Amino acid sequence: MAQLIHALLASAVHENKNLMQTVLAHIEQLTQDPRASDLQDELQVLRRQATRLVDSSLEVLAIYHAGLDADDFRLDYNTVPLEEWLLELQAEAQEIIGERPLQLEALMDSEVPLYWIFDASLLRLALRNGLHNAADFARSRIRLTLTLLEGRLCISIEDDGVHYGNTDRGPSRPAASGIGLLLADTLLRAHHDKESGRHGEIRLERAPELGGGAFRCLLP
């Protein structure tokens, strides 16, 4: 019975994802219609919301197909060329930003090795939550960085909007949507290094240079 329920839920999520993709396609068509020239801002808001719903569905389906429990995930580990992967992440971020006037940059620290082993597809799904959040709150800049932190690969999405957490440096913003953050955290924790015993993790912090939020994914 439990397996049947899981299968039905996955089927429902898949169907909802397909429906939202259809809605998204219609929104894209409307943006090209001259009659909607005065509604471009509203259409872009709808486009972002529909895209986030599709992405959330993809995250749920990824977790379902990989294994419902993070401890039993069947990860597809790859030896990933990091420079190339960062460029792909930058292109994905630009797609999410769309027409908004935000400056986007991607930086890789010189100490980061050329390759790292992880499930590239699942990690990109996890990062989309942070990309959407940065695009929603950034005032003018978003920065993607690859660094080494505590001996782990750290992928950061930073912006110059309000930051996470309560400090004396001004207002703070809420974390990314609960379900999206939970899914992203599950995808990160599924990455496990047997030698060190460490799992991947997500940290929500204040960006030291840009002053806004920093969505950090650490891989073991």
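Refer to the structure presented above.
Residues numbered from 1 in each chain as written. Predicted model: local features only at pLDDT ≥ 70, side-chain atom pairs only at ≥ 80, totals over all residues. Heavy atoms only, no water.

1. With respect to the nonpolar core
Part 1 of the argument: Formed by 39 residues in total, the largest nonpolar core has its most connected members in W85, F118, L123, I142, L144 and I155.
Part 2 of the argument: Of all the secondary structure elements, the ones that give two or more residues to this core are helix 3 (82-97), strand 3 (115-118), helix 4 (120-137), strand 4 (141-149), strand 5 (152-159), helix 5 (178-189) and strand 9 (213-219).
Part 3 of the argument: Take this core: its biggest share by element is nine residues, from helix 4.
Part 4 of the argument: When neighbours within four sequence positions are excluded, I142 is seen to be in contact with I97, L102, Q103, L104, E105, A134, A135, I157, E158 and D159. (Core = buried A, V, L, I, M, F, W, Y, C linked by side-chain atoms within 4.5 Å. Buried < 20%, exposed > 50% of the residue type's maximum accessible area, 1.4 Å probe, protein only. Helix = DSSP H or I, 4+ residues; strand = E, 2+ residues; numbered from the N terminus. Contact = heavy atoms within 4.5 Å.)

2. Some thoughts on the state of the cysteines
Part 1 of the argument: Per the counting criterion, the structure on display carries zero disulfides.
Part 2 of the argument: C217 supplies the cysteine sulfur nearest to C154, a cysteine that is in no disulfide, at a spacing of 8.0 Å. (Disulfide = S-S within 2.5 Å.)

3. Regarding the environment of L30
Part 1 of the argument: When you line up the elements, L30 lands in helix 1 (residues 2-31).
Part 2 of the argument: The spatial distance from the C-alpha of L30 to the C-alpha of Q40 is 8.9 Å, given a sequence separation of 10 residues.

4. Some details on the sheet that holds strand 5
Part 1 of the argument: Spatially, 2-4-5-9-8 is the arrangement adopted by the five strands of the open sheet, whose pairing is mixed. Edge positions in the sheet fall to strand 2 (103-108) and strand 8 (201-206), since each of these pairs with one other strand and no more. Each strand of the sheet is rotated relative to its neighbour by a mean of 20°, with strand direction disregarded.
Part 2 of the argument: With six bridges connecting them, strand 8 and strand 9 associate as antiparallel partners. Looking at the pairing, E205 lines up with A214 of strand 9.
Part 3 of the argument: Each of strand 2, strand 4 and strand 5 touches helix 3; the most contacted strand, strand 2, lies at about 165° to it.
Part 4 of the argument: The strands touched by helix 4 within the sheet are strand 4, strand 5 and strand 9, with strand 5 carrying the most contacts at an inclination of about 25°. (Pairing = 2+ DSSP bridges. Axes fitted to C-alpha atoms, helices over the stretch in contact; angles between N-to-C directions.)

5. Some remarks on the packing of aromatic side chains
Part 1 of the argument: Counted under the stated rule, the structure contains one aromatic pair.
Part 2 of the argument: Consider the rings of W85 and F118, whose centres lie 5.4 Å apart with planes at 75°: the pair is edge-to-face. With W85 in helix 3 and F118 in strand 3, the pair connects residues that are 33 residues apart, well separated along the chain. Across the pair, F118 and W85 agree in class, each one buried. (Phe/Tyr/Trp six-rings, centres within 6.5 Å; stacked < 30°, edge-to-face > 60°.)

6. Here's the deal with the pattern of salt bridges
Part 1 of the argument: For the structure on display, the rule yields 14 salt bridges.
Part 2 of the argument: With a shortest N-O distance of 2.1 Å, R128 and E92 are connected by a salt bridge. Of the two residues, R128 is situated in helix 4 and E92 in helix 3; the sequence distance between them amounts to 36 residues. Like E92, R128 is buried.
Part 3 of the argument: A salt bridge links R143 to E105, with the nearest nitrogen and oxygen atoms 2.9 Å apart. Pair noted here: R143 is in strand 4 and E105 is in strand 2, with a separation of 38 residues, a long-range link. Comparing R143 with E105, the two get one shared label, buried.
Part 4 of the argument: Here the salt bridges share partners, and the residues they tie into one network are E88, E92, R124 and R128. (Salt bridge = Lys/Arg side-chain N within 4 Å of Asp/Glu carboxyl O.)

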